[in-house]
Structure formats: structure tokens, C-alpha cells
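# Close look at the chain arrangement
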Amino acid sequence: MARRTEILNYLVDRLSTINTTNGYLTNVSQVHRSYKYLDDINDFPTITFGGVRENNDEYGDGQILKTMTQSIRGYVMTDDDSLHDSENLASDIETVVNSYADSSANLSVHESRVVSVGTDEGLLSPYGIADVTIEIIYEE
């Protein structure tokens, strides 16, 4: 299996642990490795993965570090405040990503970070959308 696939599969596993019993703000129902539209979602909150881009940087002696940019979208539905719930989901995703590099050293991940976070600002209420773009730097 390719390193990129292993890294993304492990990230899906880590995002699946988002639950209030684990100290997070939300209880994630499902995490999909592929992109899903709001019409395709039945259980909320749900996290889906969008497109991925990858850049290679060669450092001396043939060492190649790859930078993977991954978009993640979270969907929530609530009768209360969809903006609050989508911001909480985005915060939980940030928490997982910020600690991801430490927990995935066996996959040669050097760094993981959140590049951008956005929400629908409550426009789709009772639904809410959180868009998070992340970067993962790893060694092939």
C-alpha cells in the first residue's frame, strides 16, 4: 500500500475517534474517505475528504519530503445553532490534525498542520458546514 494511502487511512481512523467521551466537543457519526455532498448525508455530524494535492521537495542525498494538501469537510445538523456546531466540529478536526504527526511517526510523518478553516456562517441552517484544509509533510 502506498504511504499516502496509509497516512490518509490512519487520519480517517483518528477522526473517527471524535467523541465527547474522548474529550472532544462533538460526536462524529461517520467519516468517509471520499467526498460526499450534503444530499448524500443521512447521519450527522459526518466528515468527508475532498481532493488531495501533493508536492515533492528533494533534499540532499536523495531524501524526498512530500507535502500533501487535503481538504476535509464536516457536515452538522441541529435545531439550535448550526454555526456553533460547525465551529465545534472544525475545532475538533483541528485538534486531531495538530496532534496527528506525533501519533503517526511510524508512517514517517514529520509535520501536520491546519492551513485554513471556514464555515458556512449559518447560511444553511439547520445544516452547517465546516471546511478545513490541512497539510501533512512526510517522507516517502
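In what follows, the structure referred to is the one given above.
Residues numbered from 1 in each chain as written. Predicted model: local features only at pLDDT ≥ 70, side-chain atom pairs only at ≥ 80, totals over all residues. Heavy atoms only, no water.

## A word on the pattern of salt bridges
Per the stated rule, a full pass over the model turns up four salt bridges. Residue R3 pairs with E6 through a salt bridge whose shortest N-O separation is 3.6 Å. With R3 and E6 both in helix α1 (residues 3-15) and three residues apart, this pair spans about one turn of that helix. With relative accessibility at 29%, the residue E6 sits in the partly exposed group. Close ionic contact of E135 with R113 constitutes a salt bridge, the shortest N to O distance being 2.7 Å. Pair noted here: E135 is in strand β5 (residues 127-139) and R113 is in strand β4 (residues 109-119), with a separation of 22 residues, a long-range link. One network of salt bridges, with partners in common, ties together E111, R113 and E135. (Salt bridge = Lys/Arg side-chain N within 4 Å of Asp/Glu carboxyl O. Helix = DSSP H or I, 4+ residues; strand = E, 2+ residues; numbered from the N terminus. Buried < 20%, exposed > 50% of the residue type's maximum accessible area, 1.4 Å probe, protein only.)

## Some thoughts on a nonpolar patch on the surface
A cluster of nonpolar side chains, M77, L123, L124 and Y127, forms an exposed patch at the surface whose accessible area comes to about 400 Å². Tracing the backbone shows L123 in the loop between β4 and β5. Residue classification places L123 among the exposed residues on the basis of a relative accessible area of 74%. (Patch = residues over 30% accessible without salt bridge, like charges linked within 9 Å, V, L, I, M, F, W, Y side chains within 5 Å. Areas by Shrake-Rupley, 256 points an atom, 1.4 Å probe, with all protein chains shown as cover.)

## Thoughts on the sheet that holds β5
Read from one edge to the other, the open sheet built from five strands follows the order β1-β2-β3-β5-β4, with strand pairing classed as mixed. Where the open sheet ends on each side, the last strands, each with one partner, are β1 (30-32) and β4. Averaged over all pairs of adjacent strands, the angle between strand axes in this sheet comes to 25°, irrespective of strand direction. For strand β3 (residues 63-77) and β5, the ladder comprises 13 bridges, and the chain directions are antiparallel. Among the inter-strand pairings, M68 is bridged to a residue of β5, identified as I136. (Pairing = 2+ DSSP bridges. Axes fitted to C-alpha atoms, helices over the stretch in contact; angles between N-to-C directions.)

## Regarding the nonpolar core
Ranked by size, the top nonpolar core spans 28 residues in total, and within it I7, L11, L15, I18, I47, I93 and V109 carry the most contacts. When residues of this core are traced back to their parent elements, those giving at least two are α1, β2 (46-59), β3, α2 (82-103) and β5. With seven residues, the single largest contributor to this core is α2. Discounting chain neighbours no more than four positions away, the residues touching I47 are L15, I18, V28, Q30, V31, H32, I72, R73, G74, L89 and I93. (Core = buried A, V, L, I, M, F, W, Y, C linked by side-chain atoms within 4.5 Å. Contact = heavy atoms within 4.5 Å.)

## A few points about the packing of α1 against α2
Where α1 meets α2, the axes come as close as 10 Å, and the angle between the chain directions of the two elements is 130°. The angle between the axes of α1 and α2 places the two elements in the oblique class. Here α1 and α2 pass one another in a crossing that is right-handed. Residues I7, Y10, L11, R14 and L15 of α1 pack against I93, V96, S99, Y100 and S103 of α2. (Parallel < 35°, antiparallel > 145°, perpendicular 65-115°, else oblique. Left-handed = near helix turned anticlockwise from the far one by under 90°.)

## Quick word on unusual backbone geometry
The omega angle of the peptide bond from F44 to P45 is -15°, so this bond is cis rather than trans. Mapping P45 onto the fold places it in the loop between β1 and β2. Note that the residue after S125, namely P126, is joined by a cis bond; omega there is 20°. Of note, P126 is situated in the loop between β4 and β5. A positive phi angle is found at S108, which is not glycine, with a value near 65°.

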